[in-house]
Amino acid sequence: MNYKGKNWSAKKVDQIYIVSLDNHSSIVEGLTDFIQNQNIQAGEVTGIGAVSEATLRFFNPSTKKYVDKTFKEQMEVTNISGNVSEIEGKSTLHLHITLGREDYTALAGHLLDAKIQGAAEFIFYPLNTRVVKVKNEEIGINLYDFEK
């Protein structure tokens, strides 16, 4: 079965989705629209592609704050991996990315967002459950709470 949404198209094979995002679109916006459209509350996602800009986050445990940095250059997405869970009642993506630069070095971190320049291909493995994350104040990040 085939599906279309805001800046994405997908094909469902058994319970797994193959997803393509439109060129020049936002990875996070497109995939968020996809999980909301398909009502995916939990699962795993992997992907590859190319971007012209990416904003990565790094969590500093001593300050309990994220540090964001934007890179504006053409890069290969050698891997995106992440999951879907529920935070404050909304299906939310948690994505990490590894990016290959023109000089063959790599950047990696939590993906805040990226703009596609070329392809963006993903596979979603939905789980038939609901998984909730709640902010752990001691650590400063959202963690699974299986009691919710």
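Up top you'll find the structure we're talking about.
How each quantity is defined
Residues numbered from 1 in each chain as written. Predicted model: local features only at pLDDT ≥ 70, side-chain atom pairs only at ≥ 80, totals over all residues. Heavy atoms only, no water. Pairing = 2+ DSSP bridges. Helix = DSSP H or I, 4+ residues; strand = E, 2+ residues; numbered from the N terminus. 1 Å grid on protein atoms, 1.4 Å probe; cavity = no way out; pocket = protein on both sides within 12 Å on 5 of 7 lines; lining within 4 Å. Points joined across faces, edges and corners; volume = space filled by probe spheres on them. Nonpolar A, V, L, I, M, F, W, Y, C, P; charged D, E, K, R; others polar. Contact = heavy atoms within 4.5 Å. Phe/Tyr/Trp six-rings, centres within 6.5 Å; stacked < 30°, edge-to-face > 60°. Buried < 20%, exposed > 50% of the residue type's maximum accessible area, 1.4 Å probe, protein only. Lys NZ or Arg CZ within 6 Å of the ring centre and 35° of its normal.

**Student:** Can you lay out the pairing of strand β8 (residues 106–126) for me, pointing to particular residues and giving the numbers?
**Tutor:** Note that strand β3 (residues 16–21) and β8 share four bridges and pair antiparallel. Residue pairing across strands places V19 opposite F122, the latter belonging to β8. Relative to β8, strand β7 (residues 90–100) runs antiparallel, the two being bridged by five bridges. Residue pairing across strands places L99 opposite L107, the latter belonging to β8.

**Student:** Tell me about the layout of surface pockets, and please be specific about residues and values.
**Tutor:** The space that makes up the largest pocket amounts to roughly 580 Å³. Along the walls of the largest pocket sit 26 residues, with Y66, L93, H94, H110 and N142 positioned nearest its centre. If you list the elements that add at least two residues to the lining of the largest pocket, you get α1 (27–37), β4 (43–60), β6 (75–87), β7, β8, β9 (132–136) and β10 (141–144). The element contributing the most residues to the lining of the largest pocket is β7, with seven residues. Taken together, the residues of the lining of the largest pocket sort by class into 10 nonpolar, 11 polar and five charged. Size it by volume and the second largest pocket reaches roughly 180 Å³. If you go around the second largest pocket, the residues you meet are K12, Q15, Y17, Q38, N39, I40, Q41, A42, P126, L127, N128 and T129. Of the residues contributing to the lining of the second largest pocket, the split by class is five nonpolar, six polar and one charged.

**Student:** Can you tell me about the side chain of Q38, naming the residues and giving the values?
**Tutor:** Its location among the elements puts Q38 in the loop between α1 and β4. Aside from chain neighbours lying at most four places away, what touches Q38 is Y3, W8 and Y17.

**Student:** If you had to explain the packing of aromatic side chains to someone new, which residues and values would you point to?
**Tutor:** Counting across every chain of the model gives six aromatic pairs. Judged by centre distance (4.8 Å) and plane angle (50°), the ring pair of F34 and F124 falls under tilted. On the criterion of sequence distance, the pair formed by F34 in helix α1 and F124 in strand β8 is long-range, its members being 90 residues apart. Side by side, F34 and F124 carry an identical accessibility label, which is buried. Three or more aromatic residues joined by ring pairs make a cluster, and in this case those are Y3, W8, Y17, F34 and F124. The ring of Y66 carries the charged tip of R57 above its face, separated from the ring centre by 4.8 Å.

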